[in-house]
Amino acid sequence: MSELFRTPFDRHSTTSEVIDGVDLSGKRAVITGATSGIGVETARALASAGAEITLAVRRPDAGEQVAADLRTKTGNDAIHVARVDVADLDSVNVFTAAWAGPLHILVNNAGIMMLPELERGTGGHEQQFATNYLGHFALALGLHSALADAGGARMVTVSSSGHLFSPVVFDDLDYRFRPYDALGAYGQSKTAEVLLAVEADRRWSSEGIRANALHPGAIATNLQRHTGGLKTPEPYRKTIEQGAATSVFLAASPLAEGVGGRYFEDVNEAPQVTSRPTRLGVPGVAAYALDAANAERLWDLGTTILR
């Protein structure tokens, strides 16, 4: 196993610190789920460094409010809004078909968490898998040519330590045999997102596209609306600025140049683990989430589903 990639940053580092001195003038970025939480902060940080930003959001009216605020805060007028609902493949396809020109940064940030009841989305697939993985997979495929045309692009996928609660259960992705489990379904979808980064990097790195996944940390956002709010004890929580730091680092820092196919947390690559850590604050990525065979199998499965 290769040596872990280390940076000068840690769990306390903020977006302002990791973006300091970075010039993204001439770069174009797409960020999903950028109407709240770390999505907004990721957009703010990249815009502050001069990037042209497209907020790819489910509710364009809310996106326009965010964009107006970010233009004022950053002095960057090149902040646009487009409708992209990753739970609705038609909206994804409309967006990707309309995109013109290169794309330097794609941040797959949108997501849903722990739906209390079994719901089905694209193709009858369990909704968290359909939204968190399939929607972003379709988006990445649709924007592949634009990423390749950038002459050096980065795809950043926001996963979660929740992936430690389940691998991708290929024989029963959609809970047609197992009783539905909200945490297990969420975990499976987050493992799928790590595998997306692994396989995208393997397939596309020769075209200058590098892909990584990350755990942002415990941040109080709208994501926890089905869980009754953030349950993590105060000492292990992060601010929005700290939570978005790893996304921004992977999207923009020159220190991450040429790095791909990895899983980060606290702005550093996480070590592989063979069992779920029993203590809070212990970093780790499950070996099954980085497994090359799993990544290829999921990619092939996703391609079949989207046909």
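Residue indices follow the written sequence of each chain, beginning from 1 at its first position. Restriction of local features to residues with pLDDT of at least 70 applies here, the model being predicted, together with a cutoff of 80 or more for giving and counting side-chain atom pairs; totals for whole chains, interfaces and linings are based on all residues. Where side-chain values are given, they derive from all heavy atoms of the structure, hydrogens and water being excluded.

Draft legend 1. Focus on helix α4 (residues 89–98). Each residue's exposure class comes from its accessible area (1.4 Å probe, protein chains only) as a fraction of the maximum for that residue type: buried when under 20%, exposed when over 50%, partly exposed otherwise. Secondary structure elements follow DSSP: runs of H or I no shorter than four residues count as helices, runs of E no shorter than two count as strands, and numbering proceeds from the N terminus. L89, S91, V92, F95 and T96 are the residues of α4 that are buried. Looking down the long axis of α4, one finds its buried residues gathered within 160° of arc, a one-sided arrangement. Along α4, exposed side chains directed more than 90 degrees from the buried face belong to D90, V94, A97 and A98. Polar contact criterion, stated in full: a pair of N or O atoms within 3.5 Å, where within protein one must be able to donate a hydrogen and the other to accept it, and residues adjacent in sequence count only if both atoms are side-chain atoms. The N-terminus of α4 is capped by D88, whose side-chain oxygen sits 3.1 Å from the backbone nitrogen of D90. Working note: the arc is built from the helix axis to C-beta atom directions.

Draft legend 2. Seen up close, the side chain of H144. By the secondary structure assignment, H144 is in helix α6 (residues 144–149). Here H144 falls in the buried class, since its relative accessible area comes to 18%. Only 2.8 Å separates the side chain of H144 from the side chain of E207, close enough to count as a polar contact. In this analysis, two residues are considered to be in contact whenever any of their non-hydrogen atoms come within 4.5 Å of each other. Not counting residues within four places of it along the chain, the set of residues in contact with H144 comprises W204, E207 and I209.

Draft legend 3. Expanded view of the packing of α4 against helix α5 (residues 127–142). Angular values range over 0 to 180 degrees, each being the angle between N-to-C directions of two axes fitted as lines to C-alpha atoms, with helices fitted over their stretch in contact. Two numbers describe how α4 lies on α5: the axes approach to 9 Å, and their chain directions differ by 20°. Here α4 is positioned roughly parallel relative to α5, judged by the angle of their axes. Seen along the crossing, α4 lies across α5 with a hand that is right-handed. Each of L89, V92, F95 and T96 in α4 lies in contact with α5, whose residues at this interface are L134, G135, A138, L139 and G142. Asp, Glu, Lys and Arg are counted as charged, while Ala, Val, Leu, Ile, Met, Phe, Trp, Tyr, Cys and Pro are counted as nonpolar; the rest, among them Gly, fall into the polar class. Classifying every residue of the contact of α4 with α5 gives six nonpolar, three polar and no charged. Should an angle lie under 35 degrees it is considered roughly parallel, over 145 roughly antiparallel, and from 65 to 115 roughly perpendicular; all remaining angles are considered oblique. Handedness of each helix crossing follows the sense of rotation of the near helix against the far helix: counterclockwise by less than a right angle gives left-handed, clockwise gives right-handed.

Draft legend 4. Summary view of the pattern of salt bridges. By definition here, a salt bridge exists when the distance from a side-chain nitrogen of Lys or Arg to a carboxyl oxygen of Asp or Glu is within 4 Å. Under the definition given, this model contains 13 salt bridges. Note that E199 is salt-bridged to R203, the shortest N-O span being 2.7 Å. Note that E199 and R203 are positioned in helix α7 (residues 182–204) at a spacing of four residues, about one turn of the helix. Among the ionic contacts, a cluster of salt bridges with common partners joins E199, R202, R203 and D300.

Draft legend 5. Region of the structure containing unusual backbone geometry. In this structure, Y175 is a non-glycine residue whose phi angle is positive, near 55°. Locating Y175 in the fold gives a position in the loop between β5 (153–158) and α7. Residue Y175 is classed as buried on the basis of its relative accessible area, which comes to 6%. Despite not being glycine, D266 shows a phi value in the positive range, around 55°. On the secondary structure map, D266 appears in the loop between β7 (263–265) and β8 (268–269).

Draft legend 6. Region of interest: the nonpolar core. Residues enter a nonpolar core if they are buried and are Ala, Val, Leu, Ile, Met, Phe, Trp, Tyr or Cys, with the set joined through side-chain atoms within 4.5 Å. Of all hydrophobic cores here, the largest spans 48 residues; its most connected members are F95, L103, L106, F129, Y133 and L298. At the level of secondary structure, the elements contributing two or more residues to this core comprise α4, α5, α6, β5, α7, β6 (209–215) and α11 (292–306). Residues within four places of L298 in sequence aside, it is in contact with F129, Y133, V168, F170, A192 and L195.

Draft legend 7. Quick peek at the sheet that holds β7. Pairing between strands is defined by DSSP: at least two bridges between them are needed. The sheet built from eight strands is open, its strands ordered β3-β2-β1-β4-β5-β6-β7-β8 with mixed pairing. The open sheet has two free edges, formed respectively by β3 (79–83) and β8, since each of these has just one partner strand. Two strands pair when backbone bridges link them, and strand β4 (residues 105–108) and β5 are joined in this way by four bridges, in the parallel orientation. Across the sheet, residue I105 finds its bridge partner in β5, namely R154. Of the strands in this sheet, β1 (28–32), β2 (52–57), β3, β4 and β5 touch helix α2 (residues 37–48), which is tilted by about 170° from β1. α7 contacts β4, β5, β6 and β7 of the sheet and is inclined by roughly 160° relative to β6.

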